[in-house]
Amino acid sequence: MSKHKPSVNTLFLSDIHLGSSTSHCELLLEFLKHIRFKKLVLVGDIIDLWAIRSKGQGLDESHIKVIRKLLKQAQEGVQVVYITGNHDGGLRQLLDDYPFDKGIVNIQLTNTYDYHAINDRHYIVMHGDQFDNQVRGHRLLNWVGDNIYEGLLKINRRFNRWRTRKGYVYWSLAKAVKSRSSQALKYVHRYQLAATAYAERKGYDGVICGHIHVPADRHFNNTHYLNTGDWQDSCSAIVEHENGEWELLDVPSWLNSQASIKQLKPRVA
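Here is what the cut-offs are and how they apply
- Residues numbered from 1 in each chain as written.
- Predicted model: local features only at pLDDT ≥ 70, side-chain atom pairs only at ≥ 80, totals over all residues.
- Heavy atoms only, no water.
- Core = buried A, V, L, I, M, F, W, Y, C linked by side-chain atoms within 4.5 Å.
- Buried < 20%, exposed > 50% of the residue type's maximum accessible area, 1.4 Å probe, protein only.
- Helix = DSSP H or I, 4+ residues; strand = E, 2+ residues; numbered from the N terminus.
- Contact = heavy atoms within 4.5 Å.
- Pairing = 2+ DSSP bridges.
- Axes fitted to C-alpha atoms, helices over the stretch in contact; angles between N-to-C directions.

### Some words on the nonpolar core
Point 1. Counting residues in each nonpolar core, the largest one holds 32 residues, and the members touching the most others are Leu11, Leu13, Phe31, Leu40 and Trp231.
Point 2. The element best represented in this core is helix 1 (residues 25-33), accounting for 6 residues.
Point 3. Apart from residues lying up to four places away in sequence, Leu13 is in contact with Leu28, Phe31, Leu32, Leu40, Val41, Leu42, Val43, Ile46, Thr228, Trp231, Ser236 and Ala237.
Point 4. Ranked by size, the runner-up nonpolar core spans 17 residues in total, among them Val135, Ala195, Ala199 and Tyr204.

### Quick word on the environment of Leu59
Point 1. Considering the arrangement of structural elements, one finds Leu59 in the loop between helix 2 (49-55) and helix 3 (61-75).
Point 2. Sequence separation between Leu59 and Asp48 is 11 residues; the distance between their C-alpha atoms is 10.0 Å.

### Focus on the sheet that holds strand 11 (residues 246-250)
Hydrogen bonds along the backbone pair up the strands of a sheet, which may run parallel or antiparallel.
Point 1. Pairing in this open sheet of 6 strands is mixed, and the strands run 4-3-2-1-10-11 from one edge to the other. The open sheet has two free edges, formed respectively by strand 4 (107-110) and strand 11, since each of these has just one partner strand. Strand-to-strand twist in this sheet, taken as the mean axis angle between neighbours without regard to direction, amounts to 20 degrees.
Point 2. Alignment of strand 2 (residues 36-43) against strand 3 (residues 79-83), held across 5 bridges, turns out to be parallel. Note that in strand 3 the partner of Val41 across the bridge is Val81.
Point 3. Most of the contacts of helix 1 go to strand 1 (residues 7-13), to which it runs at about 160 degrees, and overall it touches strand 1, strand 2, strand 10 (236-240) and strand 11.
Point 4. Sitting on the sheet, helix 3 is in contact with strand 2, strand 3 and strand 4, with an inclination near 125 degrees to strand 2.

So far we have only geometry, and geometry alone does not tell us how the molecule works.
Given below as structure tokens:
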């Protein structure tokens, strides 16, 4: 099976939220079984320290399997870059106290990352919570919105367990709600403008981030905006192909297409 795995140059993932009850770890593990990559860039909120603290208990087995899988990738030669986010912000303090010039077991821990793409364009990679102060509204409204979103994620996970048992493809309830909310759409647009303005001001050709759980591949003037999405809701990823092309993957649909391709291939005796 490994001979037929699609291969990309770099895989970008963010907002896995290991430790949260709404993380789709099983789907992520399935995805990682079906794709090969030379470099893995983790764009923050991989381990959700907030959720772990609030639960007061350790990680579930599926979450531990994801960590083992990522460590195994590093041990097998994949270059792994781990960029800190706000939910794993405790790692930022670690970096402040002890800057890592080199990675541990082929894993580089950093707050931001300069990515030189195959097409010679230069990207700043950062989690993206750095733009919150520029786009947030009233604090009370933010709290209400966050709690509604958390509720949608919990409903969404139960709903998709039922869909999986029935043989249906993953569907995002939270995405459907957000796409119909004018306030949510305005917030996303303000965020995208803030991120691309920052990249342009710093002299980058583009920015790669996560944080807002809205995957995107867009251009604002000459600045390329890429958002990896998340693994609580959209279940998405960004890949840079070996020919230098970028692609935003809707992973459930991508896995479904890979299964269809495999069915079409003749069996090897």
